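Understanding the architecture of this molecule
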Amino acid sequence: MEAAITKLKAEMDGKGTNTYIKLIGEFLIKHIQANPGSVDQILSADKTIAKSLLAMQAEAKKKAVGGMAMLTDEEGFAIVLNYFGLSGGVTSAPPAPEEQKTVRFDVKLDDFL
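As a starting point, this report considers the structure included with it. Every chain is numbered on its own, with residues counted from 1 as its sequence reads. Side-chain atom pairs in this predicted model are given and counted only at pLDDT of 80 or more, local residue features only at pLDDT of at least 70, and totals for whole chains, interfaces and linings cover all residues. Side-chain numbers come from the whole structure's heavy atoms, not from hydrogens or water.

This brings us to the side chain of S52. Secondary structure elements are defined from DSSP: runs of H or I of at least 4 residues count as helices, runs of E of at least 2 residues count as strands, and each element is numbered from the N terminus. Structurally, S52 can be placed in helix α4 (residues 49-63). Using a relative accessible area of 0% as the deciding quantity, one classes S52 as buried. For S52, the residues in contact, after removing those within four places along its chain, are I24, V80, Y83 and F84. Throughout this description, buried means an accessible area under 20% of the type-specific maximum (1.4 Å probe, protein chains only), exposed means over 50%, and partly exposed covers the range between. Any two residues whose heavy atoms approach within 4.5 Å are treated as being in contact.

Below you can see the structure in the form of structure tokens.
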């Protein structure tokens, strides 16, 4: 498992690496920690995170309408798993960022009398 994590981290930390490679890399690390049987597919020399992004791009182009396409997180992570030949649901997808909640502070002078 350590060899697979090392391979993923090396690509994630590569020069000029974009944030999507880091996001997918974290997802894959969590996946192999939860599914140790997936290590061999990750270690495949011809499989990379960058190429998995190209697989997502190809799938998105198939759905494109008017030159624009979108994938949900689940669809994107499922494509990555499929690219690496992995099975299983997308249960370890990174959580969506939480929205900042504004706390309103309302005090009147009469409240202190």
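Note on placement: S44 falls in the loop between α3 (39-43) and α4. A relative accessible area of 24% means that S44 is categorised as partly exposed. Sequence separation of S44 and F84 is 40 residues, and the distance between their C-alpha atoms is 8.4 Å.

Here the focus is helix α5 (residues 73-83). Considered for burial, the residues of α5 that qualify are G76, F77, I79, V80, L81 and Y83. Where α5 is buried, its residues meet α2 (19-34) and α4. In the stretch just after α5, G85 is the one whose phi turns positive, near 75°.

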